[in-house]
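# Architecture at a glance
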Amino acid sequence: MIPTALSVILSCMTSAAYHIANNGNDVRTASEVQNPSTPWRSFAPLAKVVLQPGDSILLRRGDTFRGTLSLKGLRGNRDAPIVIGSYGPRPEKPVISGTVVLNHWTAGASGIWSSPLPSSWGPVARLLVDSIPQTAARLPATGWFPIRKPQGDSSFSGDTLPAGAWAGAWVHLKSQTWNLDARRIGGLDPSRRISLRPKANGTLQQGWGWFVSGVPSALSGPGQWAWDSTGSRVLWRPKAGQN
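In this report, the structure presented in the accompanying data block is examined.

### Thoughts on the side chain of Arg193
- On the secondary structure map, Arg193 appears in strand S17 (residues 193-197).
- Lacking a salt bridge, the buried Arg193 has Asp189 as its closest oppositely charged neighbour, with an N-O distance of 5.7 Å.
- Engagement of the side chain of Arg193 in a polar contact is seen with the backbone oxygen of Lys149, the distance being 2.4 Å.
- Those residues within four positions of Arg193 in sequence are excluded, and the remaining contacts are Lys149, Pro150, Gln151, Ser155, Phe156, Ser157, Gly158, Gly187 and Leu188.

Written out as structure tokens, the structure reads:
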């Protein structure tokens, strides 16, 4: 008789379906969004939900969802998987996009525009304008600075580097004929000597090339952009005709 009782209990268990749509509202409760007419608007409320075997996340067809869908501690199994699906009458599939639209640009000095972004979204990996990727900030804008006064695989003179906030910037340099290293600026002393963190893959050679990127100070030409982690904003220097 025990197996029969267990089968009755299991057959009565129901799974949850969490509906999300562009016209939703994130203040709704987990119970309310079981109804497709009262969905959430974003993925954010899912952070407080412990998904159980058989549960589903349903995105409305035809909608675009911006941000990251990150699910942790999943408890699905082969017989009762956790499903990410869709709902609604429209034929278009829902889209999950890792991009956000920046609508609040402000003009600044030297032709550089800025747009705020919540710190939770950073760091930014790419900026697209009219679906065209812009160039990540680098100095010099083209070509290379020559390596001067190298010391082994750990430092060289950065006397060609102008004044600026270079802490945490990336240095891209040739340490071997077939290799391009990417290292953080570990230190910049008063003599403008750059220390690499970690060390390069090989002994640095006089006259070989390097450039710097990854910080707003590296903005050096039209079409470049940078993420300003201190101000939680995106910086962009448009080319002529871009707006």
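From this point on, the discussion continues.
### Observations concerning the pairing of strand S15 (residues 170-176)
- With five of its seven residues buried, S15 lies for the most part within the structure.
- In the sheet, S15 pairs with strand S16 (residues 179-188) via six bridges, with the strands oriented antiparallel. Following the sheet pairing, Val171 is matched in S16 by Arg183.
- Following S15, the chain reverses through two residues before pairing antiparallel with S16.
- Bridge analysis of S15 against strand S18 (residues 209-213) gives four bridges, and the strand direction is antiparallel. From the neighbouring strand, Leu173 faces S18, where its bridge partner is Trp210.

Conventions we followed
- Residues numbered from 1 in each chain as written.
- Predicted model: local features only at pLDDT ≥ 70, side-chain atom pairs only at ≥ 80, totals over all residues.
- Heavy atoms only, no water.
- Helix = DSSP H or I, 4+ residues; strand = E, 2+ residues; numbered from the N terminus.
- Buried < 20%, exposed > 50% of the residue type's maximum accessible area, 1.4 Å probe, protein only.
- Lys, Arg positive; Asp, Glu negative; His and termini not counted.
- Salt bridge = Lys/Arg side-chain N within 4 Å of Asp/Glu carboxyl O.
- Polar contact = N/O pair within 3.5 Å; in protein donor to acceptor, adjacent residues only side chain to side chain.
- Contact = heavy atoms within 4.5 Å.
- Pairing = 2+ DSSP bridges.

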